[in-house]
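# A structural walkthrough
Residue-level listing of the chains:
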Amino acid sequence: MMQRFKVFVRWRPLSSSEAAADEIDRESAQHEDSYLSMTLASRSPTARARSWKSGPSFTRIFEAGDNNKSVFEDVVPPTFPQVLSGGTCNFFAYGHSGSGKSHTIIGYDYENSDEFGLCLSAALQLSGELERLNAELTLDGETGNEGDVLGIGIRMYELRKNTAFDLLNDRRECYVREGPDGRVHIRGETETLEDGKVRVRPIVTRACWIFDDLRRELLVGLKLRATGSSTIHDQSSRTHAVVELEVVTKTLLDARDELIERQSELVPVGKLATDIYLEESLNSFIKTADGKYVVDPNNPPNQKRIDAAEAEKKKFEMRVQEAEDHVIEVLARKRHSCLGGKFVFVDLAGSEYFDEKGTSAVFGPKPTAQERQEARQINSDLLAIKEVIRARALKQARVPFRSAPLTMVLREHFQGSLDSHSAMILTVSPSSGQLAATMNTLKYGNLVGVAGGPVEPSVKKPK
């Protein structure tokens, strides 16, 4: 059987406000293909009896007593060989607001390694691996090139619709755009520099050569993350947060900066060439007595002037191409295969479900109109993620990356990864009062987990 996108379930403990509530009855069963299925039921006298059984779709189920370290050790370390070979591994936390997504991905204790979120634990272990590799790379006698020292580049941003907020650059507003090369770029506002240069910077990468530097950068970004009170959760983030950890060198980062510089030089030259072409074309027309514009045979366009401007533009385009080739060359002649390898951690915005009366499936209060609008956009993004995973697993000719800005941004990360090296952690509440939200989360994960095709369950029955 093909390896599928891995789906884990993490039950959080009952909160203090839920201490007196009944817990959801839940059972799991192991199947011959090593996947788990789950059965949920509510027998609370105050709630309508409901039950549901998943397919054999879950890799592991973490109970409320499992800490972040336990989750990390099962989910992330098996993917290290992929990243150390230059690949990408993606990790998503999915669930309703207050279910423990941010606790799982980011964590709230930044001093106790047992409670680090997945991204910080991965950075700690990756730092150790790179320290070992840097020591090995000096054994070949090439100790003079500091540009080849391996480090971790961290990027951290939030996504809302087609807007990104760069958390490591004062929460600078950026925009999601697809370029003429077919690639999706997240770029900030246009900056006009001296000599007419025009620069549009991408999301900032902060290079970290030791773990403490990375932890410090992460904390800087977290302070700028947007949260706010709502009828759903008192610290609910209504954006998707993305943390990218990439293996980098100074040589690679310098090459990328050089590319941005060459692009900024091209913009005014390209604009001038376009202006000259339009000016010469317009000057070659005259207006007739009946108000029509026709070509003036006595005043043809100055083709020499147009050609000179196009030649200058071509020269700067070649400089951009040389800079792009240099980035590719740096990645191709790398001293270790891990250069460019990435961990991508996505703390998805809370998946909120409302009944026909507009009441939240998580808590009782009726949401505001703004919250309902946000929920529709968020749920649209989450549906797009599921459909991308399913299309890739089924090897469909068309993968719907353009269905949402979130999947557009993540397209490069999906394409650089194998589904079997990526994972989704479903965070769920055991409170019977949140049965509907928990069931919806598990149904979503079930669809993702069985996306690789039908799996025949064994004859084993739930214990």
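Residues numbered from 1 in each chain as written. Predicted model: local features only at pLDDT ≥ 70, side-chain atom pairs only at ≥ 80, totals over all residues. Heavy atoms only, no water.

An unreviewed UniProt entry annotates the protein as Kinesin-like protein of Polytolypa hystricis.

## Examining the UniProt feature "binding site: ATP" (unreviewed entry) in the protein
This chain's UniProt record puts "binding site: ATP" (unreviewed entry) on Gly95, His96, Ser97, Gly98, Ser99, Gly100, Lys101 and Ser102. In this fold, glycine 98 is placed in the loop between β6 (88-94) and α3 (101-105). If you trace the backbone, serine 99 turns up in the loop between β6 and α3. According to the relative accessible area criterion, serine 99 is buried, its value standing at 2%. Beyond its immediate stretch of four places on either side in the chain, serine 99 contacts Arg12, Thr427 and Val428. Only 2.7 Å separates the side chain of serine 99 from the backbone oxygen of histidine 96, close enough to count as a polar contact. (UniProt positions renumbered as here; feature names shortened; annotations may be inferred. Helix = DSSP H or I, 4+ residues; strand = E, 2+ residues; numbered from the N terminus. Buried < 20%, exposed > 50% of the residue type's maximum accessible area, 1.4 Å probe, protein only. Contact = heavy atoms within 4.5 Å. Polar contact = N/O pair within 3.5 Å; in protein donor to acceptor, adjacent residues only side chain to side chain.)

## Focus on the pattern of salt bridges
Under the criterion given, the structure shown has 28 salt bridges. Close ionic contact of arginine 262 with glutamate 258 constitutes a salt bridge, the shortest N to O distance being 3.8 Å. Here glutamate 258 and arginine 262 lie together in helix α6 (residues 250-283), a separation of four residues that amounts to about one turn. One salt-bridge network, held together by shared partners, links Arg155, Glu244, Glu246 and Arg256. (Salt bridge = Lys/Arg side-chain N within 4 Å of Asp/Glu carboxyl O.)

## Structural notes on a nonpolar patch on the surface
Judged by side-chain polarity, Val149, Trp209 and Ile210 come together as a nonpolar surface patch covering roughly 280 Å² of accessible area. Positionally, tryptophan 209 belongs in the loop between β13 (206-208) and α5 (211-223). Classification of tryptophan 209 as partly exposed rests on a relative accessible area of 42%. (Patch = residues over 30% accessible without salt bridge, like charges linked within 9 Å, V, L, I, M, F, W, Y side chains within 5 Å. Areas by Shrake-Rupley, 256 points an atom, 1.4 Å probe, with all protein chains shown as cover.)

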